[in-house]
Amino acid sequence: MSLEGKRILVGVTGGIAAYKMATFVRLLKKQGAEVRCMMTPASSDFITPLTLSTLSGSPVGIDFYNPKTGEWTNHVEWALWADVMIFAPVTASSLAKMAHGFSDNFLMATYLSAKCPVFVAPAMDLDMYQHPTTKANLDRLESFGYTVIPAESGFLASGLEGQGRMAEPEVLLRYLQDHFQYDARFSGKTIVITAGPTYEAIDPVRFIGNHSSGKMGFSLAEAAASKGAEVILVSGPTHLKTSHEKIRVVRVTSALQMLEAVQHHWDQVDWGIFASAVADYRPTVAADQKIKKTAETLHIDLEKNPDILSWASANRTAQKVVGFALETQNGLEYAQGKLEKKKLDAIVLNEMGEPGVGFGTDTNSVKLIFKSNKIRSFELQSKQELAFSLLNELMNNLYE
Ligand code: CTP
């Protein structure tokens, strides 16, 4: 898990986006983090302390003094506990306090005791966000070495539209993953990753395709970017999106387009990871007009698509090349055959038929086979987690 054992202190202030923090805390816990939440008194109008304490599995800090137990909560101890602090949402008022050191509640006192990295996700109405005071306060936090997670554009609670919405919980999570997963060995490397299916046109409305969702390729792209690599993600048709600034998405439809995109970038990359399910054949001719159902039987001539992975391997200078194999029987044997035939550095074997494995699922369990014949098995886990594990293992072995 990408945040296993990390201690994350989450500070919630009184903006409507506070309701999203339930999701955020869930995401953190799913990644194995230890979470404690702090709230300003005003934020409990938007989300209850009970919600956050239940989800985090830990008491929530609001006041210095708890009149029910007679106990004092030590803000310095809370601050020292944290590996990172993330404040989200941060209202204009709390932002001003953070920028100028006003310590008038438990959350602010803890913030002022921070010795760890601090992340700040502002949320306010668009005019407030544009105000020079806000900009100056955000600049000031950055000048302290803190990371500002910019507000996003969209519909605001005021009914207006513009920049001011708190970044989505998935984006907040990504900033923390980038922080903890950063691996200097990936920095300065560019990786091309293919993902998703290809669609091969039969006529303007029909195609030959497959059930690949693109999840494994997108997860690999996100993980590689979190580790510090630049990623060129060549994706076939999928509804998946990514907003990571280190990922350039090149959207294609057919195998020929995917090949062209890989060829275009191949000289600039250090690795290629080929996770897409490329259609092996395409219709020899795609009809210009929709085919009418007049004939009783219909034959479509197919011709073989180029093998993108084989092209990349044959045209490498120093690039590392990693393929995928999806097999229904004799998995190890077939995958090893592909590894040799396509002259790969490593191949990831998916064995269809096991529960939770393969197309469209959120989880996967695979074997990673190196050209040295070393084999590493990965238990069933989410595709996101698996992506981090695979990249670690590849990096540990490919540059030996
Ligand atoms: N691949 C590719 N271009 C193709 C076909 C496959 O780049 N036209 C890549 C896939 O992205 C994957 C690997 O090759 O990384 C294995 O694909 P697979 O279809 O299993 O291999 P084939 O050699 O086509 O074998 P078969 O379909 O007979 O199992």
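Note that the structure is predicted; figures quoted are calculated from it, not measured.

*Asks:* Is there a simple way to think about the site of the ligand in this case?
*Replies:* Residues in contact with the ligand, as listed here, are Phe274, Ser276, Val278, Asp280, Pro306, Asp307, Ile308, Leu309, Gly323, Phe324, Lys338 and Lys342. In this structure, Phe274 approaches the ligand through a main-chain N or O atom, which is 2.6 Å from an oxygen atom. At 2.7 Å from an oxygen atom of the ligand is found a main-chain nitrogen or oxygen belonging to Ser276. Notes on the ligand: free accessible area 580 Å², of which the protein chains cover 76%. Listed by contribution, the elements that provide at least two residues to the shell around the ligand are helix H11 (308-314) and strand E18 (320-327).

*Asks:* Looking at this structure, I do not really get the domain arrangement of the protein. What am I missing?
*Replies:* The extent of an interface is frequently quoted as the accessible surface area lost upon association of the parts. Split into domains, the protein comes out as domain 1 (7-180) and domain 2 (183-286 + 298-398). Relative placement of domain 1 and domain 2: their C-alpha centres are 37 Å apart. Between domain 1 and domain 2, the contact holds 5 residues from the first and 7 residues from the second. Roughly 540 Å² of surface becomes buried between domain 1 and domain 2 when both sides are summed, with 33% attributable to carbon and sulfur atoms.

*Asks:* Sorry if this is basic, but what is going on with the packing of helix H1 (residues 21-30) against helix H8 (residues 169-181) here?
*Replies:* The geometry of a pair of packed helices is captured by two quantities: the angle between their axes and the separation between those axes. For the pair H1 and H8, interaxial distance at closest approach is 9 Å and the crossing angle is 40°. Judged by the inter-axis angle, H1 sits oblique to H8. In the packing of H1 onto H8, the handedness of the crossing is right-handed. For the pair formed by H1 and H8, the contact residues are Met21, Thr23, Phe24, Leu27 and Leu28 on the first element and Pro169, Glu170, Leu172, Leu173 and Leu176 on the second. For the contact of H1 with H8, a count of residues per class yields 8 nonpolar, 1 polar and 1 charged.

The rules behind the values
Residues numbered from 1 in each chain as written. Predicted model: local features only at pLDDT ≥ 70, side-chain atom pairs only at ≥ 80, totals over all residues. Heavy atoms only, no water. Near = heavy atom within 4 Å. Polar contact = N/O pair within 3.5 Å; in protein donor to acceptor, adjacent residues only side chain to side chain. Areas by Shrake-Rupley, 256 points an atom, 1.4 Å probe, with all protein chains shown as cover. Helix = DSSP H or I, 4+ residues; strand = E, 2+ residues; numbered from the N terminus. Domains from an automatic or database assignment. Contact = heavy atoms within 4.5 Å. Buried area = accessible area lost by both parts, 1.4 Å probe. Axes fitted to C-alpha atoms, helices over the stretch in contact; angles between N-to-C directions. Parallel < 35°, antiparallel > 145°, perpendicular 65-115°, else oblique. Left-handed = near helix turned anticlockwise from the far one by under 90°. Nonpolar A, V, L, I, M, F, W, Y, C, P; charged D, E, K, R; others polar.

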